[in-house]
Structures are given as structure tokens and as C-alpha cells.
Amino acid sequence: MTNSIMNSYIFEYLDENDFRKKERSVRKYNMLAYKKLTFSYYPELRKGNFLGKEVNRSEKDKTVSYELKLPTDELFAKVHGEIILHYTAYLEKKIILLTNITPEGILDEGHRAELSTYKGVMISKTNPERDMFKINLLNRLGK
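All residue numbers refer to positions counted from 1 along the written sequence of the respective chain. Local features are withheld for residues below a pLDDT of 70 in this predicted model, meaning they are given only at 70 or higher, and side-chain atom pairs are given and counted only at 80 or more; totals for whole chains, interfaces and linings count all residues. With hydrogens and water excluded, all non-hydrogen atoms of the structure serve as input to the side-chain values.

### Observations concerning helix H2 (residues 16-29)
Short version of the rule: Helix and strand assignments follow DSSP, with helices taken as H or I runs no shorter than four residues and strands as E runs no shorter than two, numbered in order from the N terminus. Here a helix's expected span is defined as the number of its residues, less one, multiplied by 1.5 Å. When accessible area is computed with a 1.4 Å probe and restricted to protein chains, residues below 20% of their type maximum are described as buried, those above 50% as exposed, and intermediate ones as partly exposed. The arc in question is traced by the directions running from the helix axis to the C-beta atoms.
The terminal C-alpha atoms of H2, which comprises 14 residues, lie 20 Å apart, in line with the 20 Å expected from a rise of 1.5 Å per residue. Burial in H2 covers these residues: Phe 19, Lys 22, Glu 23, Ser 25 and Val 26. Buried residues of H2, seen end-on, are gathered within an arc of 155 degrees and therefore sit on one face of the element.

Written out as C-alpha cells, the structure reads:
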């Protein structure tokens, strides 16, 4: 084994099926975020370069939890929220536990069914009127 492989972190999942579904939704609806995640962020995390905002630290367990904002269209972020990768680094075990990608609602819906877009922003099937209202309001306000 080469030295770089021995020093790299490995990925594990809290719920791999759920995580992969959300990852596919990100790929489908926000290719820029997906490419950044796959080709920039994941390789950096494997090297031990933890990205994002530290949200929790446990000295006892030697873990650090992070939230990493992915590139998100401004209007999408205002309607649904920022796309955020949640993960925990297990420092002694050299493991990164990929726990979630949020916002959950729209990413879960995006996996289950083809979502419509309105003025360039995807809208939920469960509450399309609310999303369209937000988009129209934000456009009227010039945001």
C-alpha cells in the first residue's frame, strides 16, 4: 500500500441508500453543486482537509461534525434553503461519516418524481403554490 492511501480517510454512510438518493437529486437539479462535491470536496475530505463550518466537537470520541454549503443558485436558496452536506470526521479511525444532504424535503421529492420548474427554480409537488408565491415575491422585490 502506498503511503497516501494509508493516510487517507474512507467514507461511510449513516444511511447509504438515503444519502445516494439525495446525491442523485443534487446531480439532477444542480450539476454545479454535484461536480464541486464529487471532484473538489470529496477528494479534499479524503485527504483530511475538512471543509465547511464546524458544528460539533467531541474530545472524548475524537470526532468533529461539519456542515459544508454547496454552490446553490440564489433564488433556489431563498425558496428551499442552501444545499448542505453534513458529515462527521472520526479522527482516530480515519473515517468520514456522510450523514445527510439538506434541504431534505425538496431533495427527497426530486428523487421520487420529476419536479417542475418555475422561472428556473424547481418547485415541490407537495406545495407548488407556496414555492411559486415565494419565487414571484422575490422577483417582485428584485432579490
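Structure's up, so let's keep going.
### Overview of the pattern of salt bridges
Here is the rule: We define a salt bridge as a side-chain nitrogen of Lys or Arg found within 4 Å of a carboxyl oxygen belonging to Asp or Glu.
Scanning the model with the defined rule gives 7 salt bridges in all. In this structure, Lys 22 and Asp 18 form a salt bridge, with 3.0 Å as the shortest nitrogen-oxygen distance. A residue pair is termed a helical-turn pair when its members lie 3 or 4 positions apart in one helix, as Lys 22 and Asp 18 do in helix H2 at 4 residues. Exposure remark for Asp 18: the relative accessible area of 25% places this residue in the partly exposed category. The closest approach of N and O atoms between Glu 59 and Arg 57, which form a salt bridge, is 4.0 Å. A relative accessible area of 42% means that Arg 57 is categorised as partly exposed. Several salt bridges converge on common partners, so that one network encompasses Glu 16, Arg 20 and Glu 23.

### Looking at the environment of Tyr 42
Going by this rule: The contact criterion used is simple: two residues touch if any of their non-hydrogen atoms lie within 4.5 Å.
Its place among the elements puts Tyr 42 in helix H3 (residues 31-46). Here the alpha-carbon distance between Tyr 42 and Phe 11, two residues 31 residues apart in the chain, equals 9.1 Å. The residues contacting Tyr 42, other than those within four sequence positions of it, are Phe 11, Phe 19, Glu 23, Leu 37, Leu 85 and Leu 98.

### A look at unusual backbone geometry
Leaving glycine aside, a negative phi is the common case for residues, and trans is the common case for peptide bonds. Following Thr 102, the chain continues into Pro 103 via a peptide bond in cis, with omega recorded as 10 degrees. Structurally, the position occupied by Pro 103 is in the loop between strand S5 (95-102) and helix H5 (104-112). You will see that Lys 62, though not glycine, has its phi angle at about 60 degrees, which is positive. Turning to its location among the elements, Lys 62 is positioned in the loop between strand S2 (53-58) and strand S3 (63-69). Its identity is not glycine, yet Lys 94 carries a phi of approximately 60 degrees, on the positive side.

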